[in-house]
Amino acid sequence: MKQQGDTTASAAVLAEPSTRERLLRAASALFATKGYFGTSTREIAELVEIRQPSLFHHFESKAAIAQVLLDRSLTPVVPPVRDLAGEGFDSGAVYVFPQ
């Protein structure tokens, strides 16, 4: 039989970020302060309070973490740029915009 507190406890657990999300947040913070090359997977894991090998259960490599973060940051930007560029936009190409 469920007790009254069970529903509240379940909601709290569901609201907590997953380990994967916590790893992404930790990596983002470390990359921002120490740079990509200055950050190790060990440091990312320690910040999330897991062991380094456990990090590799969630991500294949540090580069994979960076790729997810980059994809997340570019996702809101690419569609408007594609709309502005029209049908000539190639999402696989690298564009250099003049300053």
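Quick caveat: nothing in here was measured; it's all calculated off a predicted structure.

K.L.:
When you look at the overall build of the protein chain in this model, what are you seeing that I'm missing?
P.N.:
Helix and strand counts for the protein chain stand at six helices and zero strands. The linear arrangement of helices and strands in the protein chain, starting from the amino end, is α-α-α-α-α-α. A burial count over the protein chain gives 19% of its 99 residues as buried. Sequence separation of 24 or more characterises 45% of the internal contacts of the protein chain that already satisfy a separation of 6 or more. Split by element, the accessible area of the protein chain, about 7,600 Å² in all, is 57% carbon and sulfur.

K.L.:
Would you mind going over the nonpolar core with me for this structure?
P.N.:
As a rule of thumb, soluble globular proteins bury nonpolar side chains together. If you look at the biggest cluster of nonpolar residues, it comprises 13 residues, and the most contacted ones within it are Leu23, Ala27, Phe31, Ile44, Leu55, Ile65 and Leu69. Only α2 (19–34), α3 (41–48) and α5 (62–74) provide two or more residues apiece to this core. It is α2 that contributes the most residues to this core, six residues altogether. If sequence neighbours within four positions are ignored, Phe31 has contacts with Tyr36, Thr39, Ile44, Lys62, Ile65, Ala66 and Leu69.

K.L.:
How should the packing of aromatic side chains be read in this particular structure?
P.N.:
In this description, an aromatic ring pair is defined by two values, namely the gap between the centres and the angle between the planes. Tallying each qualifying case throughout the model produces two aromatic pairs. Taking 5.4 Å as the distance between ring centres and 55 degrees as the angle between the ring planes, the aromatic pair formed by Phe31 and Tyr36 counts as tilted. The class for Tyr36 is partly exposed, based on a relative accessible area of 28%. Arranged with centres 5.1 Å apart and planes meeting at 85 degrees, the rings of Tyr36 and Phe37 form a pair that is edge-to-face. Phe37 sits in the exposed class, given a relative accessible area of 78%. Grouping aromatic residues by their ring pairs yields a cluster made of Phe31, Tyr36 and Phe37. We note Lys62 situated over the ring of Tyr36; from NZ or CZ to the ring centre the distance is 4.2 Å.

K.L.:
Even after reading the chapter, I still don't get the packing of α2 against α5, so can you show me in this structure?
P.N.:
To describe two helices that pack against each other, one gives the angle between their axes and the distance between the axes. For the pair α2 and α5, the least separation of the axes is 10 Å and the interaxial angle reads 90 degrees. As far as their axial angle goes, α5 and α2 are roughly perpendicular. For the pair α2 and α5, the contacting residues are Arg20, Glu21, Leu24, Ala27, Ser28 and Phe31 in the first and Lys62, Ile65, Ala66, Val68, Leu69 and Arg72 in the second. Residue classes in the contact of α2 with α5 are distributed as seven nonpolar, one polar and four charged.

What counts and what doesn't
Residues numbered from 1 in each chain as written. Predicted model: local features only at pLDDT ≥ 70, side-chain atom pairs only at ≥ 80, totals over all residues. Heavy atoms only, no water. Helix = DSSP H or I, 4+ residues; strand = E, 2+ residues; numbered from the N terminus. Buried < 20%, exposed > 50% of the residue type's maximum accessible area, 1.4 Å probe, protein only. Contact = heavy atoms within 4.5 Å. Areas by Shrake-Rupley, 256 points an atom, 1.4 Å probe, with all protein chains shown as cover. Core = buried A, V, L, I, M, F, W, Y, C linked by side-chain atoms within 4.5 Å. Phe/Tyr/Trp six-rings, centres within 6.5 Å; stacked < 30°, edge-to-face > 60°. Lys NZ or Arg CZ within 6 Å of the ring centre and 35° of its normal. Axes fitted to C-alpha atoms, helices over the stretch in contact; angles between N-to-C directions. Parallel < 35°, antiparallel > 145°, perpendicular 65-115°, else oblique. Nonpolar A, V, L, I, M, F, W, Y, C, P; charged D, E, K, R; others polar.

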